[in-house]
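# Topology and contacts: notes
Below, each chain spelled out in residue letters.
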There are 2 protein chains.
Amino acid sequence: MSGKTLIEAFEQTAYPLGGNGPRDIQVLKEAFEAVQGSLSSDMYGNGKVIEDFQNKMASVLGKESAVFFPTGTMAQQIALRIWCDEKGLKRVAYHPLCHLEIHEQDGMKELHHIEPILLADKDRLISLTDVQQLGEEISCLLLELPQREIGGQLPEFEELESISAYCREKGIKLHLDGARLFEITPYYERSAAEICALFDSVYVSFYKGIGGIAGAILAGAADFTEKSKVWKRRHGGDLISLYPYIVSSEYYFDQRIGKMAQYYEEAKELAAFYNECAGIFTKPEVPVSNMFHVYFELPEEKMVPILTSVFETTGVGLTAWLRNTDEGTCLFEISIGDRYANVPKDKIREAFRLLGEKIKEAAIS
Amino acid sequence: MSGKTLIEAFEQTAYPLGGNGPRDIQVLKEAFEAVQGSLSSDMYGNGKVIEDFQNKMASVLGKESAVFFPTGTMAQQIALRIWCDEKGLKRVAYHPLCHLEIHEQDGMKELHHIEPILLADKDRLISLTDVQQLGEEISCLLLELPQREIGGQLPEFEELESISAYCREKGIKLHLDGARLFEITPYYERSAAEICALFDSVYVSFYKGIGGIAGAILAGAADFTEKSKVWKRRHGGDLISLYPYIVSSEYYFDQRIGKMAQYYEEAKELAAFYNECAGIFTKPEVPVSNMFHVYFELPEEKMVPILTSVFETTGVGLTAWLRNTDEGTCLFEISIGDRYANVPKDKIREAFRLLGEKIKEAAIS
């Protein structure tokens, strides 16, 4: 035992399994290498660099118009606000573990005074029945695909179509939290535009599977996106120059959009390695995107020395962090990107053999 | 007459007089040239790259703590909201041409429901008397130094001290819109920290005189800046990575902070050239920073062909735009940066000689 923290041991591994690479300044440098210095900055939402990318993304998402935002937090609050204002009703529905509910310091409530109805239990997906049984009227239903906080789960596409049809019938706007939209296209075997066609408004992120620096797109009909620009200014998101994020988003989008099927296959392979080990399981058992959650049937305190030892012996980095649950287990999230393909398979097998042995020892002792 | 628009003619001049240079991607490339690619990104407001710069700016501004924001729009709404919440009164006072009143799509009102009292007439500065004669209680007074929309004017420092003392006595928080704070230190012959000492909270910008890409700092006591981080998350301003703006802000800060006195002297010189011409005057007559407004006693329609001809004949670019006033005059704003020093003086004199002649001709005809 080395006394190292998990993150210290992870950072020294030769073969970290998740992600595209370190989040360092090289990410920016690489994206800008081939860009001409004389290219003009965008200016408060206008100019070729932002308009071209917005048009490209509108086309990818099959929407009339798209607006680049510094964050999804800003884009999604604004989307919900526009739909609430349109209906004159400040009530929406979303999953209990929705990003707006747990990661945004209640911005939607504090700034927009929108009341959310939490649909479904926190450990399962929203179903058509949940939507049909809504007791109160709402302006908008937000669906997150995949549902990140439960390991990245997805409803069947037919269920999604039924929810969409029901919402249209009832005059409920349907908004897609598509932070990881590109990552689910291989499972659904449908294009981003085909999935987005079920929704009135869509947010996508460029620093998840795409691996950009930061930034988001909000897309929908032109009257919707025009309103979103006014709110973007109000929120303080209408920067004079967003090109550092736009140029890098486009660079990594072009580089990785064709790799989503590969990441998905690799995620399934890695999840299988975990599920073969006694004392470990994944959620979902078979991933439906490039991400999943890994559960150990031992608490963090017991798992840290085991993992540290596996990292140091094999050079394979499984995770930089763990989080205890209330049930005496602990978990972490992994998203597959460029790195996984570069790790020799025998190294991965060695790591899992050792991990299995050490968990068995710990369970006996 | 060439039929060119003013901006087209301006963009072809060899000697534009204002600013630091074109707002293009070279601004980013230059700032990142010497930075190691292995330097880690900031992560949601944490990490060396953001913390070091925040500490440096807290020290420059003489405040306990500082937080980097994507925009001043976001930083200032949040500052006012914190002061309003502290007093339990959602009312503030500021100048009628305050940025929050005219450039932010009413974000402060729409998102924070704060009511502003407009102090002073729109064509003059806020005085101590204005503050003393406030009919209603307020939580915070915002002063913009220099007052940009009236040419960049400043109260005498003693007036500022009196306003500050009065506000402290009355329990009114004083917030500085210091978008151009560094630019006024030569006129006041005081450091940024000495000026900020009169204020409870301060915002500064990095893409005015400093010439960075975008970004702002909000500074004050630590409990104030801690609260501002919560609101930054709520606004959608807590980006996973702000380093593209932070690294460039620091690079250009270091490069230009020592040049503010030079820009100020050059602004006075250029304003004198304008004021020597019949039919032209500047506001203020003698600049107190690197900026001022230029008024022509002819409307835009008459001035465009004159200016276009001066640009084409002399290669000196005076302005890319004009705006008509209600009084039959037209105006533009200029801010002096790196470019001015590189323009040969005889070129400038030639441009003003020709400008004077052409205005005289136009006045006769």
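For the structure, check the block above.
Predicted, not measured: the structure shown is a model, and the values here were computed from it. (Residues numbered from 1 in each chain as written. Chains lettered and ligands numbered in written order. Predicted model: local features only at pLDDT ≥ 70, side-chain atom pairs only at ≥ 80, totals over all residues. Heavy atoms only, no water.)

### Some words on the side chain of Ser228(B)
Residue placement: Ser228(B) occurs in helix α11 (residues 222-235). What makes Ser228(B) buried here is its relative accessible area of 0%. (Helix = DSSP H or I, 4+ residues; strand = E, 2+ residues; numbered from the N terminus. Buried < 20%, exposed > 50% of the residue type's maximum accessible area, 1.4 Å probe, protein only.)

### Structural notes on helix α14 (residues 300-314) of chain A
All names here are of chain A. Its 15 residues place the ends of α14 20 Å apart at the C-alpha level, agreeing with the 21 Å of an ideal helix rising 1.5 Å per residue. Those residues of α14 that sit buried are Met 303, Ile 306, Leu 307, Thr 308, Val 310, Phe 311 and Thr 314. Tucked into the core, α14 has its buried residues touching α1 (6-11), β1 (15-16), β10 (291-296), β11 (316-317), β13 (330-335) and α16 (345-364). Positive phi appears at Gly 315, one or two residues downstream of α14, with a value of about 80°. (Expected span 1.5 Å × (residues − 1). Contact = heavy atoms within 4.5 Å.)

### Some thoughts on the packing of helix α4 (residues 72-87) of chain B against α11(B)
Helices that pack against each other are described as a pair by the angle of their axes relative to one another and the distance between those axes. Residues and elements named next belong to chain B. Their axes nearest at 9 Å, the elements α4 and α11 cross at an angle of 120°. Viewed along their axes, α4 and α11 adopt a mutual orientation that is oblique. The two elements α4 and α11 meet at a crossing, and its hand is right-handed. Residues Met 74, Gln 77, Ile 78, Ala 79, Arg 81, Ile 82, Trp 83, Asp 85 and Glu 86 of α4 form the contact with α11, whose participating residues are Phe 224, Lys 227, Ser 228, Trp 231, Lys 232 and His 235. Considering only residue class, the contact of α4 with α11 consists of seven nonpolar, three polar and five charged. (Axes fitted to C-alpha atoms, helices over the stretch in contact; angles between N-to-C directions. Parallel < 35°, antiparallel > 145°, perpendicular 65-115°, else oblique. Left-handed = near helix turned anticlockwise from the far one by under 90°. Nonpolar A, V, L, I, M, F, W, Y, C, P; charged D, E, K, R; others polar.)

### So, the packing of aromatic side chains
Inspection of the entire model under this criterion finds 36 aromatic pairs over all chains. For the ring pair Tyr274(A) and Phe352(A), a centre distance of 4.7 Å and an interplane angle of 85° mean the geometry is edge-to-face. One end of the pair, Tyr274(A), is in helix α13 (residues 260-276); the other, Phe352(A), is in helix α16, and 78 residues separate them in sequence. Owing to a relative accessible area of 0%, Tyr274(A) belongs among the buried residues under this scheme. On the accessibility criterion, Phe352(A) (6% relative accessible area) is buried. Between Phe182(B) and Phe206(B), the ring centres sit 6.5 Å apart and the planes meet at 40°, which makes this aromatic pair tilted. One end of the pair, Phe182(B), is in the loop between β6 (173-178) and α9 (185-188); the other, Phe206(B), is in the loop between β7 (201-205) and β8 (216-220), with 24 residues separating them in the sequence. (Phe/Tyr/Trp six-rings, centres within 6.5 Å; stacked < 30°, edge-to-face > 60°.)

### What to know about unusual backbone geometry
The amide bond that connects Leu145(A) to the next residue, Pro146(A), takes the cis arrangement and shows omega of -10°. Relative to the helices and strands, Pro146(A) is located in the loop between β5 (140-144) and α8 (157-170). One non-glycine residue, Glu189(B), lies in positive phi territory at about 50°. Along the polypeptide, Glu189(B) turns up in the loop between α9 and α10 (192-196).

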